[in-house]
Each structure stands twice: as C-alpha cells, then as structure tokens.
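Descriptive structure summary
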Amino acid sequence: MARKLAVIGAGLMGSGIAQVSARAGWDVVLRDVTDAALTRGTDGIRSSYDRFVAKGGMTEDEAAAALDRITTTTDLEAVADADVVVEAVFEKLEVKHEIFRALDKLVKDEAVLASNTSAIPITKIAAATESPERVVGTHFFSPVPMMRLCELVRGYKTTDETLAAAREFAESTGKTCVVVNRDVAGFVTTRLISALVVEAAKLHESGVATAEDIDLACKLGFGHAMGPLATADLTGVDILLHATGNIYAETQDEKFAPPESMRRMVDAGDIGRKSGQGFYRH
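Please read all numbers here as calculations on a predicted model, not as lab measurements. Residue positions are given per chain, counted from 1 along the sequence in the order it is written. For this predicted model, a pLDDT threshold of at least 70 governs which residues receive local features, and a threshold of 80 or more governs which side-chain atom pairs are given and counted, while totals over whole chains, interfaces and linings are taken from all residues. Side-chain calculation: all heavy atoms of the structure are included, whereas hydrogens and water are not.

Describing the sheet that holds strand E2 (residues 27-31)
- A pair of strands is considered paired only if DSSP assigns at least 2 bridges between the two. Only DSSP runs of H or I covering at least 4 residues are called helices, and only runs of E covering at least 2 are called strands; the numbering of each starts at the N terminus. With respect to topology, eight strands assemble into an open sheet ordered E3-E2-E1-E4-E5-E6-E7-E8, the strand pairing being mixed. The sheet is open, and its two edges are formed by strand E3 (70-73) and strand E8 (176-180), each paired on a single side. Sheet twist, expressed as the mean angle between neighbouring strand axes with direction ignored, is 25°.
- Relative to E8, strand E7 (residues 149-154) runs parallel, the two sharing five bridges. Following the sheet pairing, glutamate 151 is matched in E8 by valine 178.
- Here a residue-residue contact requires only that any non-hydrogen atoms of the pair lie within 4.5 Å. To obtain an axis, a line is fitted to C-alpha atoms, over the contacting stretch when the element is a helix, and the angle between two such axes runs from 0 to 180 degrees between their N-to-C directions. Of the strands in this sheet, E2 and E3 touch helix H2 (residues 35-54), which is tilted by about 165° from E3.

Details of the packing of aromatic side chains
- For Phe, Tyr and Trp, where Trp contributes only its six-membered ring, two rings pair if their centres lie within 6.5 Å, and the inter-plane angle classes them as stacked under 30 degrees, edge-to-face over 60, or tilted in between. What the rule picks out here adds up to two aromatic pairs.
- Here the aromatic rings of tryptophan 26 and phenylalanine 169 are separated by 5.3 Å at their centres, their planes lie at 85°, and the arrangement is edge-to-face. A residue pair is termed long-range when its members are at least 10 positions apart, and tryptophan 26 in the loop between helix H1 (12-23) and E2 and phenylalanine 169 in helix H6 (residues 160-172) qualify at 143 residues. Both residues of the pair, tryptophan 26 and phenylalanine 169, count as buried.
- When the centroid spacing of 6.0 Å and the interplanar angle of 65° are considered together, the rings of phenylalanine 140 and phenylalanine 169 count as edge-to-face. With a gap of 29 residues between them, phenylalanine 140 in strand E6 (residues 135-140) and phenylalanine 169 in helix H6 connect regions that are remote in the sequence. Comparing phenylalanine 140 with phenylalanine 169 shows no difference in burial state: the two are buried.
- Three or more aromatic residues joined by ring pairs form one cluster here, namely Trp26, Phe140 and Phe169.
- Charge-over-ring placement is defined geometrically: NZ (Lys) or CZ (Arg) within 6 Å of the ring centre, and within 35 degrees of the ring normal. Seen from the ring of phenylalanine 52, arginine 23 lies directly overhead, with NZ or CZ sitting 5.0 Å from the centre. Categorising residues by exposure relies on relative accessible area from a 1.4 Å probe, with only protein chains included: less than 20% of the type maximum marks a residue as buried, more than 50% marks it as exposed, and the intermediate range marks it as partly exposed.

Regarding unusual backbone geometry
- Omega for the bond connecting serine 142 with proline 143 falls within 30 degrees of zero, at -5°, which places this linkage in the cis form.
- Here phenylalanine 187, not a glycine, exhibits a phi torsion of approximately 55°, which is positive.
- Among the secondary structure elements, phenylalanine 187 is positioned in the loop between E8 and helix H7 (189-205).
- Using a relative accessible area of 2% as the deciding quantity, one classes phenylalanine 187 as buried.
- Although it is not a glycine, glutamine 252 sits at a positive phi angle of roughly 55°.

Points about the pairing of E7
- In terms of burial, E7 is largely enclosed, as five of its six residues are buried.
- Across five bridges, E6 lies against E7 in antiparallel orientation. Pairing of phenylalanine 140 across the sheet is with cysteine 150, part of E7.
- For crossovers, right-handed means that the path from the first strand over the helix to the second runs clockwise, given strands pointing away from the viewer. Since E7 and E8 lie parallel, the crossover through H6 that links them has a hand, and here it is right-handed.

Concerning the pattern of salt bridges
- Salt bridge criterion: a side-chain nitrogen from Lys or Arg within 4 Å of a carboxyl oxygen from Asp or Glu. Taken as a whole and assessed by the stated rule, the structure comprises 11 salt bridges.
- When the shortest N-O distance is used, the salt bridge between lysine 96 and glutamate 91 registers 3.0 Å. Glutamate 91 carries the same exposure label as lysine 96, and that label is buried.
- Three or more residues joined by partner-sharing salt bridges are found here, namely Glu87, Glu91 and Lys96.

Quick word on the layout of surface pockets
- For cavity detection a 1 Å grid was placed over the protein atoms alone, and a set of points counts as a cavity when a 1.4 Å probe fits there but cannot get out; an open set counts as a pocket when protein lies on both sides within 12 Å along at least five of seven lines, with lining residues being those that have an atom within 4 Å of a point. Grid points are joined across faces, edges and corners, and a volume is the space filled by probe spheres set on the points. In this structure, the second largest pocket encloses a volume near 160 Å³.
- Taken together, Arg3, Trp26, Asp83, Val84, Glu110, Val112, Ala165, Glu168 and Phe169 make up the lining of the second largest pocket.
- The greatest single-element share of the lining of the second largest pocket, amounting to three residues, is contributed by H6.
- The residue makeup of the lining of the second largest pocket, split by class, is five nonpolar, no polar and four charged. Here the term charged refers only to Asp, Glu, Lys and Arg, the term nonpolar to Ala, Val, Leu, Ile, Met, Phe, Trp, Tyr, Cys and Pro, and the term polar to all other amino acids, Gly among them.

Here it is in structure tokens:
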C-alpha cells in the first residue's frame, strides 16, 4: 500500500518537499489556504520536473507519474489518512500552534506530525498538541530537490519511534539526516549560518570589506561552496533576519543580534534574489 504524506503550505519549501516525496513514491496531498497558492506550488513542481527531464535526471514517464501522485486542497481535513504530515508555513509560533492544534484532532493516532521549522524549538510547537510525543522536526534545505541534508529535531517529548519514522520518511526521499537531540532555538545548522551571516553583515556594514571579498574569503579560506552574504541573498535576507531574531529572542546571545543594516535592507524590500537586490544585485 502506498504511503501517504500531507504537506501543509505550498510555498517554496512545502512544494519542494511534496516534489521529492512524490518522486520517491509517496502519495502526496498538498494543502494551502488559497487555490492561487496551490497553483503556484504545482506550477513550480512541474517546471522543476521538466528541468530534471531536460537534463536526463528523470524520464517523462517518471515525471508524469510523480505529478499524478500529487493532489491539492484547501481543506485541512484532507490530512485524515496521512501517515506523515509536514508543516511548512511561515516561521511564526502562533501560526504553527493553530495548525498543530487542528492537526492533532484530525490525523490518525499513529501519524507523525513534523515541522519544517528552521529555528523554532519543536517542544514549543508540540506544546499546542495533546500528543507531543509524535511531533518532530524535519528541517529540509532549500532548494529541496537539490539539497541532500535533512535536520531531524527531537522535541522534549518526541519518542524514539517518532524520530525513527521521520528518518525513514526523509531518507526515502534521498536525504541524509543529522539528528538534533536537544531542540535549542536554531538547532545546529541555522545557529551556525546565523552566527556567520550576522558577523559577515557586521563586517560589511562597518566597511571592513566588500560583500564579494567577505564571501570569497569564506569560499577560498574555509572551502565553503557559497559565502554567507550570497547565502543570505539566496535564502532571503528577510528569512534570515527572522531566524536570527528568533534565536536572539530565545538565547539573548549577542552574536545572534541582527545588525541594523539587515533590518534596513528588509524594510526597504532588498531581500535578495527574489527581489533582485540584497547584498548583491541580481
């Protein structure tokens, strides 16, 4: 019997998770609040599959079969028979609480409830449910079809069985997993990149070096595939500002305090590749 996945949120991350899961053989229901959001998500999935076909990464028949495994809905009750549910909505605890409270009542008893959050502690998200033991973090990376890592995050009450089921799901989509055993804000990867981006932005803000030279130093000196400021533009300066703000609010650690320049960039709409301007012009 085919395994069923429900993805809540059809944005860049949600549609990417749906895409790799459908390709791996999962029956996927992709849910968002508007038909327009669902259309954007499925159009993105179709375009991505087309690129894989053009490059020989999959056949046309494989792409068509994967698309056939994806259904869309605005009805949250469509999660009722899902084996795994992955939430991939805006990084705001109140929004996630509303979703998880509803999911807790809708899904079957053995279903795994996962969050794609990159910074919010899973324990805080799970607190909205009556079954926190089945809540886990599955932090995929963008772009999901290309990035091999999935960060599995254990909440305070997450069981071994839930973690194992989350690993089985993530690995089935071709991802390699690392486990975060204590869900501190930002986990492992977001804490590391946030600290690096914040320091790089401060160096740039104070005129110590250009964005290009800061990134080049990280690439050639540390072997990074992409420098921190280019990473901020790719991820979204607004997304990283929000993530670093969450970590700083939780820890009060000054190394995560976003510099003024990042706040001004976001206020001005210079949020990276998606706006055409960030630390670089795109």
